[in-house]
Amino acid sequence: MYVAYGWPKLLPIAGSQERLIHVSVSGSLLLLVSSSDVQVWSATQHRTKLGQLVRDPTSVQYEGINLQAKWSSDSRTVVVMTSGCVLHFYDIYLLEKQLKLSGEEIGLHLVEVHLRSTVNLVSTVNSETISVCCLTADDRSIIVGLSDGRLQLVSWSGELLGTAELLQGPASANGSVYIPETNGSPTVSVPAPLALHPSFTSSNSQAIGESGFGQLELSSSLHLLVAVLTDGYVLLCSINEKGLRQVSDILPEKWVGITDAVCASVAHLQQLLAVGCMRGTVELFNLADNALPLRTISLFDWGYSVEDTGPVNCISWTPDNFAFSVGWQHRGLAVWSVSGCRLMCTIRQGSLSNVFSPSFSMFHGTELSRSEPMVGGVAASAWGEHGYQLFAVEQRNVARLIEFPFAKSCVSQNVVGVAHVWQLLQGEDRVLLVQSDEEDQLKIQHLVIPQSYIGVNWPVMHVAANEDGTYLAIAGRRGVILYDMQLKKWRVFGDVTQERQVQCVGLLWVGKIVVICNYRESSKSYELSLYPRYHLDETSLLFRRQLPDKPIAMDVWQDFILVTCPPFDINIFHVHVHGNLSPLKPTTVQLFPVRELSIMNARKPPLAMHFLPNVPGEWDPPPSCDGSCGDGWRDVAGEAILRQPTRCMLLRTDGELSLLDLDQGSERRLISGVERFWLTCGRPKEEAALIKEVPWWAYGHRGMQVWYPSSPADSSHDVQDAWELDPELDFDREVYPLGLCPGSGVIVGIAQRLSLSACAAMPCFEPTPQAQPILPCLLRHLLQRDKAEEALQLARLSCGRPHFSHSLEWLLFTVFDAAVSSQYVNRKRGKVSATASRLLHQVCILVRHFPEYLDVVVSVARKTDGRHWSELFEAAGKSTELFEECFQKCSYRTAACYILVIQKLEGPTISQQSAVRLLKATLEVSMYELAGELCRFLLRAGREYEADKEAERNIFSAFFLGLSSPTAPAMGDDMHHATVKHILEKHASHLMELKELQELVTFARGTQFDITDFLKSEKGKSARLEDFSSALRIIGQKLDMDVAESRQDAEFLLGHMKAVGFKEWVVVLATLLRLPEILLELFRGDARLWDAYSKTLQSQENFLEYEDFLVTLEQALAITRETSESE
């Protein structure tokens, strides 16, 4: 699993104005080839140019520009093909001179690029219309593809070995065609004999020789040559197992069912073939199964078509073949997992396609590249040696090379650590921790490794966490460094010489002991070295044991270590600690072998293995043992043999997941197509005691799936889809699951998010964690196995978790959706199945035990089609009864959601009666927004009722030979309107009597109640004020003018009072708001009113605060009188 993080880096390719045509990585060197030069850069921690050779203009003029390049297997020679049919052989020499950074050597040697020889292929081509198209190579020879369909074989020393006319004449290859499904498995696979390419048919004999090679891809380990033809066909050819020595070693075998191919790439470890197509898709084929199609990968489901991205231009697999990058010709770069999960994409989600069209980006490329890298398309791409970097050359920009930093899952290293508190991702110089904050929100923390260690031991190779998540062990190229999560301190080897002798190839924790699988260069052997976590030093070495070979899988459970060496030799060791592991006194540690098992079969080698813990009760340790090493518990060898795990989960390189019986050596196949798997270890004690069996979890192209040990194995090829098996675990296709957190009850996944910044030249890639509860899946599995009581107890144990309510809702939704789907399928087949319906009733009974039941049921109803509500409420309960229960509990918002259900199932009359009851109740508790929604529902229901009645009358009249009867006046709408108006006016009168003015304003805004019409009515006239002084005092207490919200409410009321002419209200509100202009209009022609107003304010001590305001008013009135007298 790979995820991009941080800002992409634009590498400074200074001095080169030629277009980059090739980028590749070999070991620690990065090769860049432009039209006229060859550059070698460092591909390690520091990106630096080490050497360069620029061709002279005469060479470019006569021999053509550079087109393609290829490394030799030993990284000492580069062959470059030019447009003039010339091969250039460059030798790469490492010089003794080292580069320095801040005066210190950084381990980088300068490189000399020397042109050794050239080979002219003009005599071989012997035609002006035929040219060289592509090349590939193994450790023996170079294959050059010609435009006429011939292959030219050249040795690395420059010797011409012959020409093969591969496409000139009949071939024995065959193949199949199929109809692909976007981001899924092929829906139709129709065998069709393609014994001959179309150009070989007798009816098209004129086309022989017109098809040339567009790309060649060679896999020495698979003895396979993939040829992509210029007409879109793909041909698979076998080569001699001993390598290419002569042209006759190449034999055509099979046509792949693709007709618009433009490029291809082979995953050697996974035995997969990825083919890029003109339609912008990537087709995956299984080379281990006769090149059968697996699935189609594209951006179509994200709203981008081939018009936006253009055809696929390049494909590059990660070093471990777990993911691949796809670059399109016009726009965009993406990284996908083998299962079809989109791990990274440079195209911003939601950006307009036409804005970023090729024609637009040609004129605005600089501006667009700031917000979206690779907006001009991808010319070439390559992964770094360890998969931490992805280098990409932009198609439309000269010499623009961008480096994307990546982090990857630690499990891909085949060393499985136990960390249930958080999940881990490892970058080249850091560890990304996914953990929950104080608000139970998932966050990512970047733990950057000290430069003093990673600077000389770059990059990070292995990461492991101890069982309780308090310590991390991190290994670079040399040595090991420990991190204390609680104290936030680092610990390294005390001696640099000892650190350089540790070359870690595997890392584990056994209690307080760090287990390092070390490669000794002096003896060229592998060994297990056990160190205490409190001191990394040879003087503190607890135990050392030789291993027969390099481990391919390791695991630990309690004090047992599993080590698997090639071809498939399993060794299980028991760690025995004498005494208490402490720096205060010496402790003796021994490592006893308790089992050796060698499995011989023709299946693929293991990729990862997990111990399957024994069922509780089979063997329980003495009470004095807490289950961890270092506690002084003394085991005898016999007890260790009895306690050792007898089963383990096994994932092979081809994605087959099986259960291995260590006693019998037999395997029980579970499923194929798996990328990762987990065991639910580290669960809370109450949950572990309740559910004895440990669930098995797996992720692949079907999604997340779960089994129990007692579940039957699925050995058929017609495996159900993941949505049918475990729909509760379904993630979006851009979210990749990292692992389980049983303590929190969630599956943690990672998705990509892009953030833009004005101070950065490119957007930042931010891995975003997401959580998916596992409780719904566990509950459904228990109910399906008739363990309702256990399911109830498990739900009660989980009720305090953050996602509990969502888990219950998701459980009911998925079960109800499955019941509806099965009912539809069974109806089509003429069958009746009660299994889904029975499970639905069981889920409703389970959820009813919790107070969230009423919310859960109505939430599920709102997410489903109303046509199926009857089936849901048949199991959940009558809708009117559920509404009444909500009403009695004062859960008015939930009750309001049931009104639509009642309208659908019980009819409009009952729903309207319920809505009226609920409207009165919500007004009493001041839930005015909800009251407004209920008002709108009642008015809309009245109009719909009258429309239905009118249609019924018209149909009935037409029945009597078209005789029409006079239409009766529509009373239903008026009746509903009058009812709602009466209720609202009654509540408004009540608020006016109590002078609850702020609540009145909130009521009017929430229900859209017309205060002006209300004040003009008879009920509104009762709101008149009688006594100015008491009114000013009471209203001033209700409306605090020092609060901005109260002033806004007062202004709202003032506008309505002016509209209806309530002068006493206008005077009071204008006084409170200190608005002299409004009062001047009232007092200008009425001196008697002014005298009464001023005397009232001056005579009462409570109104002394208005003294300054009176002075202002008096001065304004005096000015007004003088003006009127002068006129």
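Preceding this paragraph is the structure being described.
The text that follows walks through the structure, step by step, so that each part is easy to find. (Residues numbered from 1 in each chain as written. Predicted model: local features only at pLDDT ≥ 70, side-chain atom pairs only at ≥ 80, totals over all residues. Heavy atoms only, no water.)

A tally of regular secondary structure across the protein gives 30 helices and 56 strands. Among the 1127 residues that make up the protein, the fraction classed as buried is 54%. Surface accessibility of the protein: about 50300 Å² in total, with carbon and sulfur atoms responsible for 50%. (Helix = DSSP H or I, 4+ residues; strand = E, 2+ residues; numbered from the N terminus. Buried < 20%, exposed > 50% of the residue type's maximum accessible area, 1.4 Å probe, protein only. Areas by Shrake-Rupley, 256 points an atom, 1.4 Å probe, with all protein chains shown as cover.)

The strand order across the open sheet built from three strands is 51-52-53, with neighbouring strands paired in antiparallel fashion. Across the chains shown, the open sheet's two edge strands, defined by having one partner strand only, are strand 51 (674-679) and strand 53 (703-707). Between one strand axis and the next, the sheet turns by 20° as a mean value, whatever way the strands run. (Pairing = 2+ DSSP bridges. Axes fitted to C-alpha atoms, helices over the stretch in contact; angles between N-to-C directions.)

Spatial strand order, 39-40-41-42: four strands in an open sheet with antiparallel pairing. Either end of the sheet is taken by a strand with one partner, and the two such strands are strand 39 (504-510) and strand 42 (543-547). Put simply, the sheet's adjacent strands are angled 20° from each other on average, direction ignored. Bridge count between strand 40 (residues 513-520) and strand 41 (residues 525-532): eight bridges; the pairing is antiparallel. Directly across from I516, in strand 41, lies its bridge partner S529.

Attention now goes to the environment of G162. Note that G162 resides in strand 14 (residues 160-164). Once you skip the residues sitting within four places of it in the chain, G162 turns out to touch L151, Q152, L153 and V247. (Contact = heavy atoms within 4.5 Å.)

Taken as a whole and assessed by the stated rule, the structure comprises zero disulfides. Unpaired in terms of disulfides, C134 finds its nearest cysteine sulfur in C133, a separation of 5.9 Å. Residue C134 is classed as buried on the basis of its relative accessible area, which comes to 1%. Free of any disulfide, C897 has its nearest cysteine sulfur in C886, 8.7 Å distant. Residue class for C897 comes out partly exposed when judged on its relative accessible area of 22%. (Disulfide = S-S within 2.5 Å.)

Looking now at the packing of aromatic side chains. Counted under the stated rule, the structure contains 25 aromatic pairs. Taken together, a centroid distance of 5.9 Å and an interplanar angle of 85° make the contact between F404 and F765 edge-to-face. In this pair, F404 is assigned in strand 31 (residues 401-409) and F765 in strand 56 (residues 764-773), connecting sequence segments 361 residues apart. You'll find F404 and F765 in the same group, each marked buried. Their ring planes at 45° and their centres at 4.5 Å tell us that Y483 and W490 sit as a pair that is tilted. (Phe/Tyr/Trp six-rings, centres within 6.5 Å; stacked < 30°, edge-to-face > 60°.)

Moving on, we come to the pattern of salt bridges. Per the stated rule, a full pass over the model turns up 29 salt bridges. Among the ionic pairs, D301 bridges to R733, the shortest N-O distance being 2.3 Å. Pair noted here: D301 is in the loop between strand 24 (292-297) and helix 3 (306-309) and R733 is in the loop between helix 10 (722-725) and strand 54 (736-741), with a separation of 432 residues, a long-range link. A relative accessible area of 35% places R733 in the partly exposed class. The network of salt bridges with common partners includes R603, R652, E656, E667 and R669. (Salt bridge = Lys/Arg side-chain N within 4 Å of Asp/Glu carboxyl O.)

Along an α-helix, residues three or four apart share an orientation, since each turn contains 3.6 residues. Where helix 25 (residues 1028-1038) is concerned, the buried positions are S1029, S1030, A1031, L1032 and I1035. Those residues of helix 25 that are buried lie in contact with helix 22 (997-1007), helix 27 (1063-1073) and helix 29 (1087-1099).

Of the residues making up helix 22, those classed as buried are L997, L1000, V1001, F1003, A1004, G1006 and T1007. Phi turns positive, to about 60°, at Q1008, one or two residues after helix 22.

Running from N to C, helix 16 (residues 869-876) and helix 18 (residues 892-906) point in directions that differ by 110°, and their axes come no closer than 11 Å. Put simply, helix 16 runs roughly perpendicular to helix 18. In this structure, helix 16 crosses over helix 18, and the sense of that crossing is left-handed. Listed contacts from helix 18 to W869, S870 and F873 of helix 16 are Y898, L900, V901, K904 and L905. Classifying every residue of the contact of helix 16 with helix 18 by side-chain character gives six nonpolar, one polar and one charged. (Parallel < 35°, antiparallel > 145°, perpendicular 65-115°, else oblique. Left-handed = near helix turned anticlockwise from the far one by under 90°. Nonpolar A, V, L, I, M, F, W, Y, C, P; charged D, E, K, R; others polar.)

Further remarks concern unusual backbone geometry. Following W458, the chain continues into P459 via a peptide bond in cis, with omega recorded as -5°. Turning to its location among the elements, P459 is positioned in the loop between helix 6 (451-457) and strand 35 (462-465). For the bond from P566 to P567, the omega torsion is 0°, close enough to zero to count as cis. Along the chain, the position of P567 falls in the loop between strand 44 (560-565) and strand 45 (569-578). Positive phi outside glycine occurs at S75, with the angle close to 60°. With respect to the helices, strands and loops of the structure, S75 is situated in the loop between strand 7 (66-71) and strand 8 (77-82). On the basis of relative accessible area, S75 is assigned to the buried category, the value being 17%.

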